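Here is how the chains run, residue by residue.
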Amino acid sequence: MWKYAFISLLIWCSACSHPGRIVGAKPAVLIQPHELTVLFNHREQAGYISPISGRWRPGDDLEQALIQAIKSADKEILVAMQEVSLPDVAGALIEARNGGVEVKVVLENNYSRPWSWESITTLTSHQRQRRNRLQRLADRDGDGDLTTTEAASGDAVALLLEAGVPLIDDTADGSRGSGLMHHKFLVIDQEIVLTGSANTTSSGIHGDAGAASTRGNVNHLLRLKSKALAQLFRNEFHRLWGDGPGGQNDSRFGLQKQSGPAQSARVGDAKVEVLFAPHSKSNPNHGLNVLEKQLAEAEKSIDLALFVFSAQQLADVLQERANDGVKIRLIADPGFASRPFSEVLDLLGVALPDQNCRLERGNRPFQKPLRGVGTPRLARGDKLHHKFAVVDNKTVITGSFNWSPAAAHTNDETLLVIHSPKLAAHFTREMDRLWNNAELGITPHIQRKLDRQRIRCGDGVERR
């Protein structure tokens, strides 16, 4: 079904009416191996009708890809997702369960309670904003009046619970929850793995209801067909699951899992390494060390498209590779790029004190700023949510794993290293798309923040 989704998206795009534009040479057709394929929700070579705005938009429809994969299941669907708030995805899971497929769901505890069951008076400001977005999504006729029926049919978690779909969150181990249950994967019939950077939410895929200009956070979704790889993901799922809802506190999240080293499996002709986080700082198998090793092996080029980049260890190895003549391009989310803890600032050769006029301990801005650093131009409210790198046009690093100490040492995460020039070509094309529309160097937004903090703090003081 997945390969037909690509074909249908291309056919759909060619039949749609949208403003014409002058283009150069026809883009090269990139091979999508059956065992290892990728979708991008902002790419220019495909398009679909947005269920949010009802308008044609460029990109692959990640939601429909997930639904089609769910519908293809015969025996088992395991879901470990930070958040599931799309009612149609919940409906597909319910339909599968009603058809005899075993369905199990693990969510992050902040997103495991039905929003329609909560009292607004108990919610934080952030939770209220999220509830407002979900209410607009549930208001199917868009009249601004959310009926009881619309609320009931528009709350994905409520639908799952009311249908009896077994569901737990990261408090099932008896704790208050791990740092974040940040996984984003499905395992279908012990053979297919769907994973990547996208959460199963409107803002993560299509854009926000009531905000027609948004197109969703910039994300991707991988489909990997391999019984060996699927078994590794199933093992991780069952560490989280334990004996399921209402049983013993034998679920394991966070450091309780005692995660091991990266494991590898063949997916078609590609070698795929997978690491499940977190690990203690003293454990040499942790994710930042895995990333450092891959970056250190680069000989020609490193492309990076990152939501969060806050690991000094990785900035340091990029400095070494740059000194050795490796070409580096980094596109970072505008919101995170200009935060005091951002290593993007290191690459730009600047330091930004925090609100207490303190600098990150051990901060080392590049003496010679990199020219290949930028932020994409996005619609207001959208984020660059990728967490990928392409090394030497042949190795792809991706997953749910942000490039941060929290991802390595606190959160439940997936980190993939995929050795496949064919797949790398697709990620390079996505990088080129982002690069062609990016603001490079110190943007006016970053410069204003630097100027304000220098007036307040001078050069700042390093934290002890």
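Our subject in this report is the structure included herewith. Owing to the predicted nature of the structure, the values given are computational and were not obtained by experimental measurement.

### What to know about the overall build of the chain
Secondary structure summary: the chain contains 15 helices and 20 strands in total. By the compact-globule yardstick of 23 Å for 464 residues, the chain fits well, its C-alpha radius of gyration being 22 Å. With respect to the principal axes defined by its C-alpha atoms, the chain has extents near 60 × 55 × 50 Å. Evaluated residue by residue, the chain yields a buried proportion of 55% over its 464 residues. Of the contacts made within the chain by residues no fewer than 6 positions apart, 74% connect residues no fewer than 24 positions apart. Surface summary for the chain: the accessible area is close to 20,400 Å², and the carbon and sulfur share equals 48%. With 56 positive and 53 negative side-chain charges, the chain shows a spacing of 4 Å between the two charge centroids.

### A few points about the pairing of strand 18 (residues 413-419)
In terms of burial, strand 18 is a largely internal element, six of the seven residues being buried. As paired strands, strand 11 (residues 270-277) and strand 18 are joined by seven bridges and run antiparallel to one another. By the bridge assignment for strand 18, Phe276 is matched with Thr414.

### Brief notes about the pairing of strand 12 (residues 301-306)
For strand 12, the tally of buried residues reaches six of six residues, placing the bulk of the element in the interior. Of the two faces of strand 12, the one holding Ser301, Asp303 and Ala305 and the one holding Ile302, Leu304 and Leu306 are both buried throughout. The sheet contact formed by strand 12 and strand 13 (residues 327-332) spans six bridges and is parallel. Opposite Asp303, over in strand 13, you have Arg329 as the bridge partner. By the bridge criterion, five bridges tie strand 12 to strand 16 (residues 387-391) in an arrangement that is antiparallel. What sits directly across from Ala305, in strand 16, is Phe388.

### With respect to the pattern of salt bridges
Following the criterion strictly, the structure yields 16 salt bridges and no others. Across the salt bridge formed by Glu102 and Lys104, the nearest N and O atoms sit 3.5 Å from each other. Exposure remark for Lys104: the relative accessible area of 14% places this residue in the buried category. A salt bridge links Lys257 to Asp412; its shortest N-O distance comes to 2.9 Å.

### Some thoughts on the sheet that holds strand 11
Consider a sheet: its strands pair through backbone hydrogen bonds, and that pairing is either parallel or antiparallel. Across the sheet, which stays open at both edges, the nine strands sit in the order 10-11-18-17-16-12-13-15-19 with mixed pairing between neighbours. A strand with exactly one partner marks an edge of an open sheet, and here the two such strands are strand 10 (263-267) and strand 19 (438-440). The mean inter-strand angle of the sheet, taken between neighbouring strand axes irrespective of direction, is 20°. Relative to strand 18, helix 9 (residues 287-296) is tilted by about 20°, and along the sheet it contacts strand 11, strand 12, strand 16, strand 17 (395-399) and strand 18.

### As for helix 15 (residues 444-457)
A rise of 1.5 Å per residue sets the reference length of helix 15, with its 14 residues, at 20 Å; its end C-alpha atoms lie 20 Å apart and thus fit the reference within 8%. Where helix 15 is concerned, the buried positions are Ile446, Lys449, Leu450, Gln453 and Cys457. Axial view of helix 15: buried residues confined to an arc of 100°, hence all on one face. Positive phi shows up at Gly458, right after helix 15, with a value of about 70°.

### Considering helix 10 (residues 312-323)
Owing to its 3.6 residues per turn, the α-helix brings residues three or four apart onto one side. The end-to-end C-alpha distance of helix 10, which contains 12 residues, comes to 17 Å, matching closely the 16 Å that a straight helix rising 1.5 Å per residue would cover. Among all positions of helix 10, only Gln312, Leu314, Ala315, Val317, Leu318 and Arg321 are buried. In this structure, the buried side of helix 10 is in contact with helix 9, strand 12, strand 13 and helix 12 (344-347). A positive phi of about 90° marks Gly325, the residue just after helix 10.

### Let's talk about the sheet that holds strand 7 (residues 184-188)
One open sheet holds the seven strands; their spatial order is 1-9-8-7-4-5-6, and the pairing between them is mixed. With partners counted over all chains shown, the strands left at the sheet margins are strand 1 (36-40) and strand 6 (167-169), one partner each. Between one strand axis and the next, the sheet turns by 15° as a mean value, whatever way the strands run. Of the strand pairs in this sheet, strand 1 and strand 9 (residues 220-225) are connected by five bridges, and their pairing is antiparallel. Along strand 9, the bridge assignment pairs Phe40 with His220.

### As for the packing of aromatic side chains
The geometry of two aromatic rings is summed up by the distance between their centres and the angle between their planes. Counted according to the given criterion, the structure contains eight aromatic pairs. Geometrically, the ring pair formed by Phe309 and Trp403 is edge-to-face, given 6.1 Å between the ring centres and 90° between the ring planes. Placement of the pair is Phe309 in the loop between strand 12 and helix 10 and Trp403 in the loop between strand 17 and helix 13 (405-409), with a sequence separation of 94 residues. A single burial state applies to Phe309 and to Trp403, both of which are buried.

### Points about the packing of helix 9 against helix 10
In the contact formed by helix 9 and helix 10, the axes pass within 10 Å of each other and the chain directions differ by 5°. Looking at the two axes, helix 9 sits roughly parallel to helix 10. Note on element contacts: helix 10 touches helix 9 through Gln313, Leu314, Val317, Leu318 and Arg321, opposite Leu288, Asn289, Leu291, Glu292, Leu295 and Ala296. Tallied by class, the residues present in the contact of helix 9 with helix 10 amount to seven nonpolar, two polar and two charged.

### Some details on empty space enclosed by the protein
Taken as a whole, this structure holds seven cavities of 30 Å³ or more when the rule is applied. What lines the largest cavity is Val84, Ser85, Arg113, Pro114, Trp115, Arg130, Leu134, Asp155, Ala156 and Val157. Elements with a contribution of two residues or more to the lining of the largest cavity: helix 4 (125-138) and helix 6 (156-162). The residue inventory of the lining of the largest cavity, partitioned by class, reads six nonpolar, one polar and three charged.

Reading the values: the criteria
- Residues numbered from 1 in each chain as written.
- Predicted model: local features only at pLDDT ≥ 70, side-chain atom pairs only at ≥ 80, totals over all residues.
- Heavy atoms only, no water.
- Helix = DSSP H or I, 4+ residues; strand = E, 2+ residues; numbered from the N terminus.
- Rg over C-alpha atoms; globule rule 2.2 N^0.38 Å.
- Buried < 20%, exposed > 50% of the residue type's maximum accessible area, 1.4 Å probe, protein only.
- Contact = heavy atoms within 4.5 Å.
- Areas by Shrake-Rupley, 256 points an atom, 1.4 Å probe, with all protein chains shown as cover.
- Lys, Arg positive; Asp, Glu negative; His and termini not counted.
- Charge placed at Lys NZ, Arg CZ, Asp CG, Glu CD.
- Pairing = 2+ DSSP bridges.
- Salt bridge = Lys/Arg side-chain N within 4 Å of Asp/Glu carboxyl O.
- Axes fitted to C-alpha atoms, helices over the stretch in contact; angles between N-to-C directions.
- Expected span 1.5 Å × (residues − 1).
- Arc of directions from axis to C-beta.
- Phe/Tyr/Trp six-rings, centres within 6.5 Å; stacked < 30°, edge-to-face > 60°.
- Parallel < 35°, antiparallel > 145°, perpendicular 65-115°, else oblique.
- Nonpolar A, V, L, I, M, F, W, Y, C, P; charged D, E, K, R; others polar.
- 1 Å grid on protein atoms, 1.4 Å probe; cavity = no way out; pocket = protein on both sides within 12 Å on 5 of 7 lines; lining within 4 Å.
- Points joined across faces, edges and corners; volume = space filled by probe spheres on them.

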